[in-house]
Amino acid sequence: MLSRVLYVDIGKRSSWVVDKHDIFSKYLGGSGVASKLLLEEARPGIDPFSPEAPIIFSPGYLVGVFPCMVKAVAMFKSPLTKNLGESHAGGHFSSALRFAGYGALVVRGASEYPVAVKIKDDKVRVEMADSLWGLSPLDVERSLRESHYEGMQSVISCGKAGERLVCYSNVIVDRYHHFGRLGLGAVFGSKRLKAISILGTGEIPLESPLAVKEMYEKLNHEVVLSGKMSKYHDLGTSANMLELNELGALPTHNFKDSRFKGAEGISGEVMAESLLRRKISCPGCPIACIHLAGLRTDFAPEHEKGKKEVFSEEVLLPYNYEPMYALGSNLLLSEAKNLLRLIYHCEFLGLDAMMVGNILAWTTEAFEEGRITLDDTLIKPEWGSVEAYLQIINNIVDMKSPFYAKLAQGLLETSKRYGGREYAMIAGNNGMAGYITGYGSIVGALVGARHSHLSNSGYSIDQKTMNQPLSHEQISDFLIEQEDWLYALYSLGACYFCRGVYTKEAVCEALKTVGTEKTKEELMKMGKEIFHNLYKFKVREGFELAEQEPPKRVYQVQTPHGMLKAEEVKAIIKLYIKKREGEGLRLKPEEKALKELLR
Ligand code: SF4
């Protein structure tokens, strides 16, 4: 078992390794190990931007062993929600860390000047990175990637948005993958940590290579030939655009509507026909769900003024459903090229595109209502206007006015100052995902530990039960079962898309081949404990589930399950709380602890 934790203090330029066998034997890796390290490393009430605030990375336990086991988990205190920051990324980062010989990485401290952490197996350096500061994550990757190497290499970096502490800035992994949500980029920026590069040249020791090989082939067969994952290879998640539009579950016009007349123009089908250039995979995954589109950008336009022919270059950028809804239908943008321009801008600056979509939609509506004026925005936001939106994104990152400085903190803070909370489309302060499918999607986002649609697949119970009434009991049981099981999978490094392949039976069998015996019940218990750890952190930091409410807008839009009602949402959350408390989980912050936090 790889139970070595690498600690790096970037303020002191030092590093050391601690063996944490007890945590790894209980939680294996990924979310499980990271949840425990977060509780250990982050003192109660810590400021997410304080030098002592830790960033924890943990690759899943089966990363580098079985197909689609590729994810690394990042945990930190989120500057956006002020409680749990948890984000998962594919790409080479998790395998590079494991091949370098570590089960987890903890970054602490802060530097006075920009630095990059460079790890090559057991050699760890904190180097000055002045020349990288201000660069886009895409340029940083180009600059730090070694061209000749053996082993597994990964480069992760924040962009200008992270440097400027925009609370929903991200960290980009190997160009095309992301620790996308909850503001890890800003935590990097607060430490003046621009990038981490890892080169791992070791291997993962296996007790029974033949048994692993046999299991690998069995799983690979399921991944490739069962059809369970073919959607992800074909159009990818961008297929959801037309499917959800057809169902009447596609958030449109800041969730005012659930169907978009212009959906065709930004659909996965149109992208695939005219803009798709390549499909790529995480290492060890045969699916290649990452669809890369080609976007022509002007090459040095200042040299081309007055000329008939303008030179341009083509950049490749990843697209999938979530940014497509957030920056597309939700903003009434119906041209694929314009949508790509917005996605590229978010990538270039290192911003969570989903949250940016929610922010732009709120800004446009608040402007229409007169809550904010040109004095605040400096430019008129208009539905579907790509030029205005590009400028607004720049203004947020540059914090061009007091309004933009507030907007950089997220929609809760902005709506506290300017109003408009009823259409600030956030759940638990995180931007809502692109599903207005019914109660499952709304309650799932509110109760999920990281307020993501990937927390508990709440949207999927809505989609599976069209035209069937669902009881509160069914919804809350589904959300609990799903989230507990997903946390077991997230401790192993599973990609969310392969959950249909990695059934409980398959996971037990796979674990056995690497010498870890766990029953289905033990795995479920482990997943539940991980969820409890995460909520312990959230509650400790002041999060109170009973107070969570969705924006009123979700009650004003037609969903496939009809118009949703506030009292129903409240009742489902109440039942969910009762069930979770029945498991022994405390969901209310202690008075004393709250006072301490507010002090
Ligand atoms: S399905 Fe996609 S995200 Fe998941 S492991 Fe494969 S390539 Fe990576």
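Here the residue numbers are simple positions, counted from 1 along each chain's written sequence. Side-chain atom pairs in this predicted model are given and counted only at pLDDT of 80 or more, local residue features only at pLDDT of at least 70, and totals for whole chains, interfaces and linings cover all residues.

Novice: What should I look at first to understand the overall build of the protein in this one?
Specialist: The helix and strand labels rest on DSSP assignments: H or I over at least four residues marks a helix, E over at least two residues marks a strand, and numbering proceeds from the N terminus. When its secondary structure is counted, the protein shows 25 helices and 19 strands. With the C-alpha coordinates aligned to their principal axes, the bounding extent of the protein is approximately 65 × 60 × 55 Å. We call two residues in contact when their backbone-placed C-beta atoms lie within 7 Å. Counted over contacts in the protein with a minimum sequence separation of 6, partners at least 24 positions apart contribute 70%.

Novice: Where do I start with the site of the ligand in this structure?
Specialist: Placing the C-beta atom from the backbone, one calls a residue near a molecule or strand if that atom lies within 6 Å of it. Neighbouring the ligand are 13 residues, the closest being Cys282, Cys285, Ile287, Cys289 and Cys495. A domain-level breakdown of the shell around the ligand finds at least three residues from each of domain 1 (4-200) and domain 2 (234-419). These domain limits were set by an automatic method or by a database of domain assignments.

Novice: Where do I start with the environment of isoleucine 475 in this structure?
Specialist: Considering the arrangement of structural elements, one finds isoleucine 475 in helix α21 (residues 472-492). Field definition: a residue is buried when 20 or more other C-beta atoms are found within 10 Å of its C-beta, exposed when 12 or fewer are, and partly exposed for counts in between, with C-beta atoms placed from the backbone. Isoleucine 475 sits in the buried class, given 23 other C-beta atoms within 10 Å. On a C-alpha basis, the gap between isoleucine 475 and alanine 353 in space is 29 Å, while along the polypeptide they are 122 residues apart. In this view, isoleucine 475 contacts Tyr439, Gly440, Val443, Ile461, Leu470 and Ile572; residues no more than four positions away in its chain are not counted.

Novice: Would you take a moment to explain the sheet that holds strand β5 (residues 84-89) for this structure?
Specialist: Whenever strands of a sheet pair, they do so through backbone hydrogen bonds, lying parallel or antiparallel. For two strands to be treated as a pair, DSSP must find no fewer than two bridges joining them. Taken together, six strands build an open sheet; the order of strands is β2-β1-β6-β3-β4-β5 and the sheet is mixed. Two strands in the sheet have a free side with no partner beyond their single neighbour: β2 (14-19) and β5. Taken pair by pair, the neighbouring strands of this sheet meet at an average axis angle of 20°, ignoring direction. The sheet contact formed by strand β1 (residues 4-9) and strand β6 (residues 104-108) spans five bridges and is parallel. Looking across to β6, one finds that leucine 6 is bridged to leucine 105. Note on geometry: axes are C-alpha line fits, over the in-contact stretch for helices, and angles between N-to-C directions span 0 to 180 degrees.

Novice: Looking at this structure, I do not really get the domain arrangement of the protein. What am I missing?
Specialist: Bring the parts together and some accessible area is lost; that lost area is often taken as the interface size. Once the domains are mapped, the protein shows domain 1 (4-200), domain 2 (234-419) and domain 3 (434-598). Each side of the interface is counted separately: domain 2 has 15 residues, and domain 3 has 12 residues. Put simply, the parts of the chain that give the side of domain 2 that touches domain 3 at least two residues each are α9 (240-247) and α11 (321-327). Per-element accounting of the side of domain 2 that touches domain 3 gives the leading share, four residues, to α11. Residues are grouped as follows: nonpolar covers Ala, Val, Leu, Ile, Met, Phe, Trp, Tyr, Cys and Pro; charged covers Asp, Glu, Lys and Arg; every other residue, Gly included, is treated as polar. Broken down by class, the residue content of the side of domain 2 that touches domain 3 amounts to 10 nonpolar, two polar and three charged.

Novice: Can you walk me through helix α13 (residues 353-369) in this structure?
Specialist: Given 3.6 residues per helical turn, the α-helix brings residues three or four places apart onto the same face. What a helix should span is 1.5 Å times the count of its residues minus one. The terminal C-alpha atoms of α13 lie 24 Å apart, and with 17 residues this matches the ideal 24 Å at 1.5 Å per residue to within 8%. Summarising burial for α13: 14 of the 17 residues are buried, a large majority. At the C-terminal side of α13, glycine 370 shows a positive phi close to 85°.

Novice: Would you mind going over the sheet that holds strand β13 (residues 276-280) with me for this structure?
Specialist: The three strands lie next to each other as β13-β14-β15, forming an open sheet whose pairing is antiparallel. Edge strands, defined here as strands with exactly one partner in the open sheet, are β13 and β15 (312-319). Across this sheet, the average inter-strand angle for adjacent strands is 35°, counted without regard to direction. Pairing analysis gives four bridges linking β13 to strand β14 (residues 290-298), with the strands arranged antiparallel. Paired with leucine 276 across the two strands is alanine 293, which belongs to β14. Across the face of the sheet, helix α12 (residues 336-349) comes into contact with β14 and β15 while running at roughly 80° to β15.

Novice: Please clarify how the packing of helix α7 (residues 209-225) against helix α22 (residues 504-513) should be interpreted in this entry.
Specialist: When two helices pack together, their arrangement is captured by the angle between the axes and the distance separating the axes. At their nearest, the axes of α7 and α22 sit 8 Å apart, and the two run at 155° to each other. Compared by their axis directions, α7 and α22 come out roughly antiparallel. Crossing handedness for the pair α7 and α22: left-handed. Of the residues in α22, those in contact with Ala211, Val212, Met215 and Leu219 of α7 are Ala506, Glu509, Ala510 and Thr513. For the contact of α7 with α22, a count of residues per class yields six nonpolar, one polar and one charged. Note on terminology: angles under 35 degrees are roughly parallel, angles over 145 are roughly antiparallel, angles of 65 to 115 are roughly perpendicular, and the others are oblique. Handedness of a crossing is defined here by the sense of rotation of the near helix relative to the far one, left-handed for an anticlockwise turn of less than a right angle and right-handed for a clockwise turn.

Novice: How should α22 be read in this particular structure?
Specialist: Of the positions making up α22, those classed as buried are Val507, Ala510, Leu511 and Thr513. Buried residues of α22 fall within an arc of 155° about the axis and therefore sit on the same side. Following α22 by one or two positions, glycine 515 adopts a phi angle in the positive range, close to 85°. As used here, the arc belongs to the directions running from the helix axis to the C-beta atoms.

Novice: Can you walk me through the pairing of strand β12 (residues 193-200) in this structure?
Specialist: Note on strand geometry: in a regular strand, side chains alternate between the two faces of the sheet. Judged by how many residues are buried, β12 sits mostly within the fold: eight of eight residues are covered. Where strand β7 (residues 115-120) and β12 come together, six bridges link them in parallel fashion. Residue pairing in the sheet places valine 117 in a bridge with isoleucine 196 of β12. In the sheet, strand β9 (residues 152-158) pairs with β12 via six bridges, with the strands oriented antiparallel. The residue bridging valine 155 from the neighbouring strand is serine 197, located in β12.

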